[in-house]
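# Analysis of the macromolecular model
Okay, here's what each chain looks like letter by letter:
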Amino acid sequence: MSQLGILPKGSRHDLRVGISPDAPDEAKAPDDRAGEFGYVHSYETSSRYDGPGLRIVLFVSGCLLRCSYCHNPDTWHLKDGTYVSAQQVIDRLASFAAPLRELGGGLTISGGETMVQRAFTGRILSAARKMGLSTAIETSGYLGASVDDAYLDNLDLVLLDIKSGDPEIYREATGRDLAPTLRFAERLAAMKKPVWVRFTLVPGLTDGIENVASLARFVAPMTNVEWVEVQPFHQLGGFKWKAMGLDYRHATTEPPSLDLIQRVIGQFRDAGCNAR
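Keep in mind the model is a prediction, meaning the values are calculated, not measured. (Residues numbered from 1 in each chain as written. Predicted model: local features only at pLDDT ≥ 70, side-chain atom pairs only at ≥ 80, totals over all residues. Heavy atoms only, no water.)

### Let's talk about the pattern of salt bridges
We apply this condition: Any carboxyl oxygen of Asp or Glu within 4 Å of a side-chain nitrogen of Lys or Arg constitutes a salt bridge here. Helix numbering and strand numbering both begin at the N terminus, where a helix is a DSSP run of H or I of at least 4 residues and a strand a DSSP run of E of at least 2. Under the scheme applied here, a residue whose accessible area is under 20% of the maximum for its type counts as buried, over 50% as exposed, and between as partly exposed, the area being computed with a 1.4 Å probe on protein chains only.
Taken as a whole and judged by the stated rule, the model has 14 salt bridges. As a salt-bridge pair, aspartate 14 and arginine 16 come within 3.4 Å of each other at their nearest N and O atoms. For lysine 240, the salt bridge goes to aspartate 74, with nearest N and O atoms at 3.0 Å. Of the two residues, lysine 240 is situated in helix H7 (residues 238–243) and aspartate 74 in the loop between strand S2 (55–60) and strand S3 (82–85); the sequence distance between them amounts to 166 residues. For the pair shown, lysine 240 and aspartate 74 are each scored as buried. One connected set of salt bridges, linked through shared partners, spans Arg12, Glu44, Asp50, Glu138, Arg198, Glu229 and Arg276.

Right, dumping it as structure tokens:
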């Protein structure tokens with residue numbers, strides 16, 4: 001059984017491996033309905049990138065996707081996270097609650113994949129709402145069917161990563177099917193839940209004109225989507241792949257050029273999306 005640790009402050013770019021070797025496999029982990037304990041990579045306290053206002057971002061461990069360009073492969077497995085109590089997280093969040101409220105911010109839970117540990121993250125989100133904080137998750141949506149409406153009711157915003165508009169490219173990029181993510185996006189649209197769609201632009205993988213166009217066509221009619229954020233691929237996580245002994249297919253991939261970024265943003269805008 002994993003030993004209880006201390007909630008680790010740090011950065012999403014910190015390498016953390018082998019911290020909880022007795023943790024269950026993320027694909028088979030039973031979800032503790034009480035959500036009293038979970039596995040966490042780290043947390044940051046001053047993000048203006050992961051939702052509106054100033055935010056604390058909690059990075060949880062466990063993900064079922066294996067994105068070939070992932071910047072944080074050390075969040076894939078529960079065994080690489082620190083086993084902490086939800087109360088630790090809630091108490092730390094409470095110490096920041098007053099200034100976060102003043103600055104129009106709150107809590108974003110990212111990962112990894114938030115829904116791998118849905119009871120744990122749900123408990124924390126519920127507590128954050130009771131503190132009067134804005135709440136958000138960043139998710140691939142792949143496990144969207146596993147959470148109920150009560151979980152989503154605790155969210156003010158969903159940062160939805162849609163890796164590709166083409167199912168074949170999506171599987172090449174992530175090892176998984178695209179359909180569950182699209183169904184989750186449609187569910188959020190039906191609920192009128194505010195969404196920021198995030199699309200990572202990887203040269204030679206996701207940059208195809210038709211791939212971008214198909215995603216733009218899907219997103220454009222959704223009035224709940226406030227933004228489409230085009231995120232340029234970068235190499236900040238490359239060292240993690242090497243340190244973990246993983247085969248990194250994008251070791252020589254260059255970040256997208258400004259012209260390519262502008263072309264893709266233009267495609268989203270031309271389709272009717274509010275893109276940046």
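### Focus on empty space enclosed by the protein
The cut-off we apply is this: With a 1 Å grid spanning the protein atoms alone, the term cavity applies to any set of points in which a 1.4 Å probe fits but cannot get out, the term pocket to an open set with protein on both sides within 12 Å along at least five of seven lines, and the term lining residue to any residue with an atom within 4 Å of a point. Grid points are joined across faces, edges and corners, and a volume is the space filled by probe spheres set on the points. Gly falls in the polar group here, along with every residue not listed as nonpolar (Ala, Val, Leu, Ile, Met, Phe, Trp, Tyr, Cys, Pro) or charged (Asp, Glu, Lys, Arg).
As enumerated under the stated definition, the model contains two cavities of 30 Å³ or more in all. The space that makes up the largest cavity amounts to roughly 60 Å³. Around the largest cavity sit Leu7, Tyr43, Ile56, Leu58, Val89, Arg92, Leu93 and Leu107, which together line it. Looking at the lining of the largest cavity, the elements with two or more residues in it are S2 and helix H1 (86–102). Among the elements that make up the lining of the largest cavity, the one with the highest residue count is H1 (three residues). The calculated volume of the second largest cavity comes to roughly 30 Å³. Sorting the residues of the lining of the second largest cavity by element identifies strand S7 (195–201) and helix H6 (209–219) as the ones contributing at least two each. Taken together, the residues of the lining of the second largest cavity sort by class into nine nonpolar, one polar and no charged.

By themselves, these are just geometric observations and shouldn't be taken as functional.
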